[in-house]
Amino acid sequence: MSLTFHRTFSLSRSSIVKVISLAKEKPGFKRDDLADNTDLGTVYQEAMPRYAFRTGLLDKRNYLTVLGRFVVRHDPALEKAGTQWLLHYHLAAPHGPTAFWHYLVRTRFVPGNTFTAADLTADLTAFLQQEAGKTPVPDSLRSTVTVFTGTYLKADGLGRLGLLEEIAAKTYRVPAAEAPPLWAFGYALAEYWHAHYGERLTINLDDLIQGDLAAVFLLGEERLSQLLLQLKQEGMIDLYRISRPYQVVLLQPSLEYALQKMYEV
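This is a predicted model, so every value here is computed, not measured. Residue indices follow the written sequence of each chain, beginning from 1 at its first position. Local features in this predicted model are restricted to residues whose pLDDT is 70 or higher, and side-chain atom pairs enter the listing and the counts only when it is 80 or higher, whereas totals over whole chains, interfaces and linings include all residues. Where side-chain values are given, they derive from all heavy atoms of the structure, hydrogens and water being excluded.

Chemist: Mind laying out the nonpolar core, listing which residues take part and the relevant values?
Modeler: What makes a nonpolar core is a set of buried Ala, Val, Leu, Ile, Met, Phe, Trp, Tyr and Cys residues whose side-chain atoms join them at distances within 4.5 Å. Buried residues are those whose accessible area, probed at 1.4 Å on protein chains only, stays under 20% of the maximum for their type, while exposed residues exceed 50% and partly exposed ones sit between those limits. Counting 89 residues, the largest nonpolar core has Trp 101 and Phe 109 as its most contacted members. Runs of H or I in DSSP of at least four residues are treated as helices and runs of E of at least two as strands, each being numbered from the N terminus. If you tally residues by element for this core, the top one is helix α9 (residues 182–197), at eleven residues. Contacts of Trp 101, omitting those with residues within four sequence positions, involve Phe 5, Leu 91, Ala 92, Val 147, Phe 148, Thr 151 and Tyr 152. Should any heavy atoms of two residues lie within 4.5 Å, those residues are counted as being in contact.

Chemist: Now, about helix α1 (residues 13–25): what can you tell me, with residues and values included?
Modeler: Each residue after the first adds 1.5 Å to the expected span of a helix. The end-to-end C-alpha separation of α1 is 18 Å, in line with the 18 Å expected for 13 residues at 1.5 Å each. Listing the buried residues of α1 in full gives Arg 13, Ser 15, Ile 16, Val 17, Val 19, Ile 20, Leu 22 and Ala 23. Residues of α1 that are buried make contact with α2 (31–37), α3 (42–54), α4 (66–74) and α5 (81–92).

Chemist: Please give an account of the pairing of strand β2 (residues 165–168) that cites residues and values.
Modeler: In terms of strand pairing, β2 meets strand β3 (residues 171–173) through three bridges, oriented antiparallel. If you follow Glu 166 over to β3, its bridge partner there is Tyr 172. Hairpin geometry of β2 and β3 is characterised by an intervening segment of two residues between the two adjacent antiparallel strands and by a positive phi of about 60 degrees at Lys 170. We treat two strands as partners when DSSP finds at least two bridges between them.

Chemist: Give me the sheet that holds β3: which residues, what numbers.
Modeler: Taken in spatial order, the three strands of this open sheet run β1-β3-β2, and their pairing is antiparallel. Edge positions in the open sheet fall to β1 (114–116) and β2, since each of these has one partner strand only. Between one strand axis and the next, the sheet turns through 35 degrees on average, direction left out of account. Here β1 pairs with β3 via three bridges, running antiparallel. Along β3, the bridge assignment pairs Thr 116 with Thr 171. Fitted lines through C-alpha atoms give the axes, limited to the stretch in contact for helices. The angle between two N-to-C directions lies from 0 to 180 degrees. With respect to the sheet, helix α7 (residues 117–132) is in contact with β1 and β3, its orientation differing from that of β1 by roughly 80 degrees.

Laid out in structure tokens, this is it:
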């Protein structure tokens with residue numbers, strides 16, 4: 001379940017910047033390279049490459065991914081909204097390496113929803129008991145909940161996305177956040193399609209409306225439909241809504257295509 005990959009630290013974009021900058025200069029870097037070439041502390045040297053992997057910027061061998069290569073070239077400080085949405089997407093994707101993160105986002109990140117740290121701890125406990133068959137150490141649960149909420153509250157994390165706010169001590173609300181930039185969603189659609197549908201050319205529209213992709217982006221049916229119509233106008237997808245089940249056709253499955261549009265290359 002990789003519950004403690006974070007080593008008790010929330011996502012830090014400024015620290016991940018140092019990791020992916022090193023990956024650009026020394027592809028496949030080792031732990032000693034982080035110590036020699038960055039000012040990251042010992043624990044950060046463990047945690048931040050793990051975040052870079054889980055946010056889709058690095059692969060398991062510490063090489064830049066397709067997304068990572070575009071980011072270091074066009075948004076090296078991880079400041080653009082589209083970039084930050086994709087960091088969130090990869091952390092919360094159902095097929096990603098951080099299953100518990102997806103579960104918490106899918107369960108709790110509904111606009112207007114309120115919950116407490118205790119609620120998240122209970123959610124996490126139930127999920128891990130079901131998936132791993134055991135209850136983790138309470139300290140691990142508490143630190144993971146703190147890390148999870150901190151990632152979405154801190155400006156150096158993903159706080160600028162406005163997905164979470166603290167309304168009282170350890171009590172949180174999910175506001176009505178803005179929809180993601182069009183091509184951030186376009187990239188995520190292509191990546192999600194490849195992971196779940198492979199080489200299929202068409203899928204049911206209802207699978208997207210009711211599925212995990214919309215939930216990860218906090219999209220209701222209306223806003224999802226608006227994004228899909230925009231992608232149709234841009235030529236990335238086609239929509240067939242003459243008779244049910246309505247169909248979505250992926251015309252441009254390339255991740256590079258969406259990233260080029262997103263960063264206006």
